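For reference, the chains in residue letters:
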Amino acid sequence: MPQELRVYNTLTRKLEPFRPAEPGRVRMYVCGMTVYDYCHIGHARAMITFDVVVRWLRETGLDVTYVRNYTDVDDKIIARAAEAGEDPLALSARFIEALDEDVGRLGLLTPTHQPKVSEHIDDIIALVERIVERGHGYVVPAAEGAEGHDVFFSVRSFPRYGQLSGKNLDDQRAGERVDVDPRKRDPADFALWKAARPGEPSWPSPWGPGRPGWHIECSAMSMRYLGESFDIHGGGIDLVFPHHENEIAQSESGTGVHPFAHYWMHNGHLTMAHEKMSKSLGNIVRIRDILDEVPAEALRLLYVETHYRSPLPYSSARLVEAMAALDRLYHAREVLAEMASRPPAASAEELVRDLGEPAAQLHELASRFPERFAEAMNEDFNTSRAVALVYDLTRAVNRFGNNKKWRKRSAALAEPALAAFDLAGRVLGIGALEPEDWFRQVRERRLRAMGRSEAEVQALVDARVEARKARDWARADAIREELAELGVVLMDTADGTRWRMRVG
RNA sequence: GGCGACGUACCCAAGUGGUUAAGGGGCGGGUUUGCAAAACCUGUAUUCACCGGUUCGAAUCCGGUCGUCGCCUCCA
């Protein structure tokens, strides 16, 4: 490894050398989704960000335990279920299924553990009890309409409160926008346990029937699978406050162990026309809808082209650009496949000596790729730089491959280049497909959008081939025009006519 | 009001003290082609929002101005 991995830690606002508590082993928790609706492409950014993090950590040989939860007990779920007249847990189960489907289509790794709140109520109750016993939580009678008691966390009992988000309790204007619950000792106190109202899902507890507050589930579930102190805690930047701040406060108060998590990583938001994309603004694009339009790799590429901490302005035009770039990348992979299919005629060194600059450049870029890639990834997961390396290699391959004779004797040069693409594919999830699979995915989606069938296009292509054989250029060009209107791009090569769908 | 981030070419986006300011898309020119397409070559920022300052040297550090955005309330 050329250099040690450095990670930006929200807690210290600095790049820090990454050193897991147990050498060789990484424990990582990422806040997953509250499952009350279909996931949007902003959620996809968070999931892809941490997917790449896990992939890179594993690539460097670390044994990563990766936990991503489903929050399936929550006020919003209850509200949504009430509207639909559905059981809240049935509703969340439905959206967990949908989420899993999206995750599969995005090509995301399956986390080591995917705990659900509803299956960890005992852990949560036990943690709340510890917090209360240690004097950081207090029990108050339930609000009107509910029976039993609520339990609140006392932020003033935790001196480090505000450390993660850089907030000072005395500077906040709690209560300015929302009325403060008079039962709270401090406006910033938050619920650990909520007494149940009639009809709400509830579990028995020492404080009467109720359910967990919003933040406690992540504390309890991360401890269950990773212990009371672990390496990385991730999530969207919007979770820094209050969610993660509260997680730290309640976790460390309950266990007395510090730190709860060593490295806090937060991904920047996806924005829509300079606006945050969120359910409350109603400007959401669902993952599943986008994946009907473009292959998952296009979305992944769009995401990894920007550093994970920067805001990412989304637009469908950028998705088309990403597809254009992938077309070029897969062209290179086709060239490499052809090169590799021939028996090796010479060593890489001989080829470099005989074929000059294009061979030398290809050899240099391919053989040094792993080290440069590692350098980029080790700098706080600089996928932007890593992607640039892939493009550099892509160009070198295509340049070399423009010489048909060279292709036939250069298996030795193809090998390290293919290994480089494999590495990028494993870690970034781009360029990982077989070229024909990529072109097919684009073709299927575009044809569907145009309402055309492959056979229909093929018939026109065949007709044009006949016209060309007869040297009837006018007819051939007319057919090409017709195909162009369907978004079909033709390529007349020595081996015959091929066609592709235009990406945009 | 508090806290924080950002402003790099036509668009997107790396670079955060010192070789010619990565890379992608687009656009112009060329090679190739029956003509195209694809691919490749080449041109696209003497300059990094603006103004001061520190320094031998700054897109990079400091101060100010303008602008955009986020968090402080549910949010990936």
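Reading guide: rules and limits
Residues numbered from 1 in each chain as written. Chains lettered and ligands numbered in written order. Predicted model: local features only at pLDDT ≥ 70, side-chain atom pairs only at ≥ 80, totals over all residues. Heavy atoms only, no water. Helix = DSSP H or I, 4+ residues; strand = E, 2+ residues; numbered from the N terminus. Polar contact = N/O pair within 3.5 Å; in protein donor to acceptor, adjacent residues only side chain to side chain. Contact = heavy atoms within 4.5 Å. Domains from an automatic or database assignment. Phe/Tyr/Trp six-rings, centres within 6.5 Å; stacked < 30°, edge-to-face > 60°. Buried < 20%, exposed > 50% of the residue type's maximum accessible area, 1.4 Å probe, protein only. Axes fitted to C-alpha atoms, helices over the stretch in contact; angles between N-to-C directions. Parallel < 35°, antiparallel > 145°, perpendicular 65-115°, else oblique. Nonpolar A, V, L, I, M, F, W, Y, C, P; charged D, E, K, R; others polar. Pairing = 2+ DSSP bridges. Disulfide = S-S within 2.5 Å.

### Quick word on the side chain of D74
And then number 1: If you trace the backbone, D74 turns up in the loop between β4 (63-71) and α2 (75-84).
And then number 2: Here K76 takes part through its backbone nitrogen, which lies 2.6 Å from a polar atom of the side chain of D74.
And then number 3: If sequence neighbours within four positions are ignored, D74 has contacts with T34 and W214.

### As for the domain arrangement of chain A
And then number 1: Domain annotation for chain A reports domain 1 (6-291), domain 2 (316-435) and domain 3 (452-501).
And then number 2: Spacing between the C-alpha centres of domain 2 and domain 3 amounts to 30 Å.

### Section: the packing of aromatic side chains
And then number 1: Across all of its chains, the model carries 13 aromatic pairs by this definition.
And then number 2: Here F230 and F260 contribute two aromatic rings whose centre-to-centre distance is 5.0 Å and whose plane-to-plane angle is 80°, an arrangement assigned as edge-to-face. Remark: F260 occurs in the loop between α6 (240-255) and β10 (261-267) and F230 occurs in strand β9 (residues 230-236); sequence separation between them is 30 residues. Here the two residues F230 and F260 agree in accessibility, since each one is buried.
And then number 3: When the ring of F260 is compared with that of W264, the centres are 6.1 Å apart and the planes differ by 45°; the resulting orientation is tilted. Considered together, F260 and W264 belong to a single accessibility category, that of buried residues.

### Topic: unusual backbone geometry
And then number 1: A cis amide bond links F241 to the next residue, P242, at an omega of 0°.
And then number 2: Along the chain, P242 falls in helix α6.
And then number 3: A cis amide bond links H258 to the next residue, P259, at an omega of 0°.
And then number 4: With respect to the helices and strands, P259 occurs in the loop between α6 and β10.
And then number 5: One non-glycine residue, D380, lies in positive phi territory at about 50°.
And then number 6: In this fold, D380 is placed in the loop between α12 (369-378) and α13 (383-401).

### What to know about the packing of helix α11 (residues 357-367) against α12
Relative orientation and spacing of two packed helices are given, respectively, by the angle between their axes and the distance between those axes.
And then number 1: It is the contact of α11 with α12, at a shortest axis distance of 4 Å, that shows an interaxial angle of 50°. Classed by the angle they form, the pair α11 and α12 counts as oblique. Packed against α11, whose contacting residues are E364, L365, A366 and S367, the element α12 presents F369, P370 and R372 at the interface.
And then number 2: Taken together, the residues that form the contact of α11 with α12 break down as four nonpolar, one polar and two charged.

### What about the pairing of strand β2 (residues 14-17)?
And then number 1: In the sheet, strand β1 (residues 6-9) pairs with β2 via four bridges, with the strands oriented antiparallel. Note on β2: the bridge partner recorded for R6 is P17.
And then number 2: Taken together, β1 and the strand that follows it, β2, pair antiparallel across an intervening segment of four residues, in which R13 is found at a positive phi of about 55°.

### Quick word on the state of the cysteines
And then number 1: Summed over the entire model, instances satisfying the criterion amount to zero disulfides.
And then number 2: This cysteine, C31, is not joined by any disulfide, and C218 carries the nearest cysteine sulfur, 3.8 Å off.
And then number 3: On the basis of relative accessible area, C218 is assigned to the buried category, the value being 1%.

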